[in-house]
Each structure stands twice: as C-alpha cells, then as structure tokens.
Protein chains: 2
Amino acid sequence: MAGYFTEEGSAEAVNARMDENIDPRLAEVMACLVRHLHAFAKETQLTQAEWEYGIDFLTRTGGICSGERQEFILLSDTLGFSMLVDAINNRRPPGATENTVLGPFHVAGAPIRQMGDGISLDGKGESCLYEGRVVDLDGRPIAGARIDVWSDNADGFYDVQQPDIQPRWNNRGVFVTGPDGAYRFIGIKPVSYPIPDDGPVGQMLGHLGRHPYRPAHMHYIVTAEGHQGLVTHTFVGDDPYLGSDTVFGVKKTLIAPFERVAGGPAAWRSPFDFVLVPD
Amino acid sequence: MAGYFTEEGSAEAVNARMDENIDPRLAEVMACLVRHLHAFAKETQLTQAEWEYGIDFLTRTGGICSGERQEFILLSDTLGFSMLVDAINNRRPPGATENTVLGPFHVAGAPIRQMGDGISLDGKGESCLYEGRVVDLDGRPIAGARIDVWSDNADGFYDVQQPDIQPRWNNRGVFVTGPDGAYRFIGIKPVSYPIPDDGPVGQMLGHLGRHPYRPAHMHYIVTAEGHQGLVTHTFVGDDPYLGSDTVFGVKKTLIAPFERVAGGPAAWRSPFDFVLVPD
C-alpha cells in the first residue's frame, strides 16, 4: 500500500502512484513536473487565495481560446517557455544561424516568387531590399534552398489578422535559391507590434509591469535538402523594443543591419546570410 | 537594456523583465514559478512535440470547464497540488484534527438538525451512527461548535450531482454542540466513487495507470468561536482505495473506525472526536 500524503513527501507520494508499466518518457516528464510544481508551492508557501487565483487565471485563459486565439501559447511565449523549448531543441554549432520562435502567423502555401520580386501588396510602409546568401558552415552556397518569408504590414498586422483589409499573401512569399545560394526580395521595413493583450495574458503583463510589444522583425523558414531546417527572424537593429521583446525572441546574432539607401530599388537595404548545418 | 535570451540564463532573462515597482509578493511568486517551469523544461529536455501536447492538454482542460465542471481543480487535485496547498496553510500541533481538501460538493445553507437526527433522505444505503465530541487540545468540550456534514449516497453521488433523482439536502446537515461538546447523527456508511473521468484529467490518469477513485468518506466543516476552522473528512477504515485516493486526501489520523452494531439505531457506528486549535 502506498504511503499516505504528507507535506514533506508530497511529490514522492504523487509520483509513487504512477504504474510502473507506463511509457517511461511519460513517467519521467510527469515526475519532474510534479516535483517542480510541489517545490514551487513549498518555496512560495502558496496561500489558498493564491491557489484560487491561479485556478481562475488558467480557467480564464482556457475560456478565451478559440480557433483564432491561442492564449496558452501566448502564456508560454511571454514566460519565455516557448523560446526555451526552441533553444533546447535547436542547438547549433558556432557560426550557424540561430533559431527563434515560429510565432502564430505563419501560413503554409505562400506563392513562390522570383528573386528580386516584391512581397508587399498593400503599398504601405517603407520599402526594404532583403538580400544575402544561404550557405553551409564552410561558407559554400546552398542551391535549391527554400526561403519562406513573412512580416507584418506597416500598421503592425499580418494579413491573416486583417483578412478584410489586406490583400491575401500580403508581405509573404517563397524564394528558391540558384547555384549561387543568393536571395533577394523587396518587402517593407517591418514595425513593432503588441501581441493580443486584451485577455488574461495581457492582464498578467500589466501586473508584471511589462509591455506587450515585439520588436520589428522579418520571419524566415529556410529549408534545404541535407540540412537542418531553420526557423528564425531577423530583427530591425534600431527598434526600441529590441531589449524587451515580450516573447524573448531576440538573439544578438539575429539583429540585422537596416541601411538607408539613396537611389536604389528600395528605401532601405537589409543584408543577412543564413548559415545552415547538415542534417 | 536587459540581456537577450539565452538557454542558460533563460529564467533570469524572463524574471529581469518584471518592473521593480510591482507588488513584491507577485514578483516573488512569479519568479519562483518561472524558475521551476524553466528547470522542468531543462531537466526533461522537453521536445517540441511534448510542448505541443502540453499546450493542447491545457487547451482541452480549459475547453471542458463550465459552471458545473472545474477540470483545472481536478488537475490540481489529482497531481496532489490541492492537498499540498491545504497542508501548507493548515499546519497544526500534534493532537489536533488534521485538515483535508474541501472538494467541490459542499453547499452552504444545509438545514440545521437536532442531535441524533438522520441526514439520509433517500432511504438508500447502510445506516451508520456518527458520534463523538468537539474538544480543544486539552480535551475540554467546546460548546456551540457548528458541524456541517455531507456525504455521497449509496450510489456514489452527491445530491447536487443528481438534482432530479435525490431529495434536496440528501446526506447533508448542520449540527450545533451543547455544553458537553457532543455530536450524534445518523447518515449512511458512504461509498467510494470516481471523480469525473470523462475529460482530459481522466485521460491523464489512464496514461499514468491510475484509477479515478476516492475512498469512501464523510465530509466535515467544524467551526467554533475562538478556534481555527477545520475542513476535513473521516474515511471508512476498510475501503480498498484508502491507500490510493486519486486526490491524495487521506491522512492516517482521519481513518475512522466503522463498527457493525447489532440492535442499535443504525447498522454501523463510527466514533470520532474533533480536536480544534485556538485562533
């Protein structure tokens, strides 16, 4: 017969209840979760009223979720948990381009465009030429790399957030590299924007004295045969929120130059090379 | 400017983002929560797929919550978290009756009954005489103590779970002690029952190889002027689930004798004294 619950042995009592024939990875993950949950309550000497607040917070977070709104992912993002899981699962050698979070606004199936094409379809914002190469760790160009890009528009919204206002596939496109590994397209200089902050997560940020903004960034998924997929952003180097991204997505190596250009095809130019690692 | 996110310093990066002028207790609780959440991901090397499963589990848990169903409390209960918070907030000296979880089935406003009255209104189950005294730590009787009792019926359901089948206030009542501190009422010998297990928490228990049962118990809230309130159960000593209560509510000192009685007012007798501590 298992031991009865005691305050001291609380986590052990719970974990001893798992059957020994369950999936070993599930047992490992659950035992660790229970240990940390119980340690949290013990270290904080959590009060009954705080427990009730937590239950109510989770219930409200669940209540606002819908097909269009994922408040638990926002919660994970704003507590740095999404970035941590991303980091754990995407460790790369020095020199390789670092990963960051996918975010909720990627849409599969964007149109494949020609190098040099524009992706901004609503005519808003300051134009920016994005160019560089997809290379391996030795600097050799990768041909046939697929670059899926997306950003917000000049008002700070992705096309899918404003289906009645923005043209479909606005600020989205897929580019495929040739033998030189080079890419080149014209988008806009993206702008910073708040994550949806009218729900429980926004209230939490308010109580913590945190703003809900993400610094301006261009999203990329870069894939190539024989190489690990890369999910990342490049960040606009002069953004005021660079040091306080509400989802902690910024890595120093992902801050890209944005240079004003006179007389070019666009008002700005942002060069960046993507360095992939072998599978 | 705050440091950028790194895998090593992930929790520190998140906690450094809190404003220094927020409520200090909130800052303490959140910092501890973030540290343990991040340590959990690091110790388990949580995969992206496991993170997605967790997000989906929380979303489904939120989705089943309603005015009548609180799946997050069930989750807290089945992970021993509710009992831990109860234990932290209700430490008592040796000899005092221990607390256990309130559970979701208490209803305020039950009828006040006379000592010796019956509380089972549906005529089902084996009758049981509950009797004893409410005393202080020195064994002195406490007059005017209010004893609010409730249990399931012989089919394992509380009246509020079957409003169309059970009489209102079935197996519920409030008793007030006289100068001798004694109480005495006739209920049924309660039966073990499963917590609602048709949702995400029930699925979790299945994956963990755990059953959803609570051992048979009688609920009590005992309050008296000048004394700390007591929220507890007494458990039926021969119940097969005593060692595996799915919400970890059993404490050894709360297991009560249930004795068969020939020729008395009830088929069983369960004596138990409640020992209160001063405010």
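This one's a predicted model, so the numbers in the text were calculated from it and none came from an experiment.

Remarks on the domain arrangement of chain A
Residues and elements named next belong to chain A.
Okay, so step 1: Taken domain by domain, chain A holds domain 1 (10-70) and domain 2 (77-275).
Okay, so step 2: Contact residues are listed per partner, giving 6 residues for domain 1 and 7 residues for domain 2.
Okay, so step 3: Approximately 500 Å² of surface area, both sides summed, lies buried where domain 1 meets domain 2, with 58% of it carried by carbon and sulfur atoms.
Okay, so step 4: Among the residues of domain 1 in contact with domain 2, F57, R60 and R69 are the three that bury the most area, contributing 71% of the side total.
Okay, so step 5: On inspection of domain 1 and its partner domain 2, the count reaches 1 salt bridge.
Okay, so step 6: Linking D198 and R69 is a salt bridge whose minimum nitrogen-to-oxygen distance equals 2.9 Å.
Okay, so step 7: Summed over the shared surface of domain 1 and domain 2, the number is 2 residue pairs in polar contact (both at pLDDT 80 or more).

Concerning the sheet that holds strand β3 (residues 172-176) of chain A
Okay, so step 1: The strand order β3-β2-β7-β8-β9 (chain A) describes an open sheet built from 5 strands, whose pairing is mixed. The sheet is open, and its two borders are formed by β3 and β9 (255-256) of chain A, each paired with just one other strand.

A closer look at the layout of surface pockets
Okay, so step 1: The volume enclosed by the second largest pocket comes to roughly 980 Å³.
Okay, so step 2: Those elements that place two or more of their residues in the lining of the second largest pocket are α4 (71-78), α5 (81-89) and β5 (193-194) of chain A together with α3 (48-64) of chain B.
Okay, so step 3: Among the elements that line the lining of the second largest pocket, the one with the most residues is α5(A), at 4 residues.
Okay, so step 4: Tallied by class, residues from the lining of the second largest pocket come to 15 nonpolar, 12 polar and 6 charged.

Rules of the game
Residues numbered from 1 in each chain as written. Chains lettered and ligands numbered in written order. Predicted model: local features only at pLDDT ≥ 70, side-chain atom pairs only at ≥ 80, totals over all residues. Heavy atoms only, no water. Domains from an automatic or database assignment. Contact = heavy atoms within 4.5 Å. Buried area = accessible area lost by both parts, 1.4 Å probe. Salt bridge = Lys/Arg side-chain N within 4 Å of Asp/Glu carboxyl O. Polar contact = N/O pair within 3.5 Å; in protein donor to acceptor, adjacent residues only side chain to side chain. Pairing = 2+ DSSP bridges. Helix = DSSP H or I, 4+ residues; strand = E, 2+ residues; numbered from the N terminus. 1 Å grid on protein atoms, 1.4 Å probe; cavity = no way out; pocket = protein on both sides within 12 Å on 5 of 7 lines; lining within 4 Å. Points joined across faces, edges and corners; volume = space filled by probe spheres on them. Nonpolar A, V, L, I, M, F, W, Y, C, P; charged D, E, K, R; others polar.

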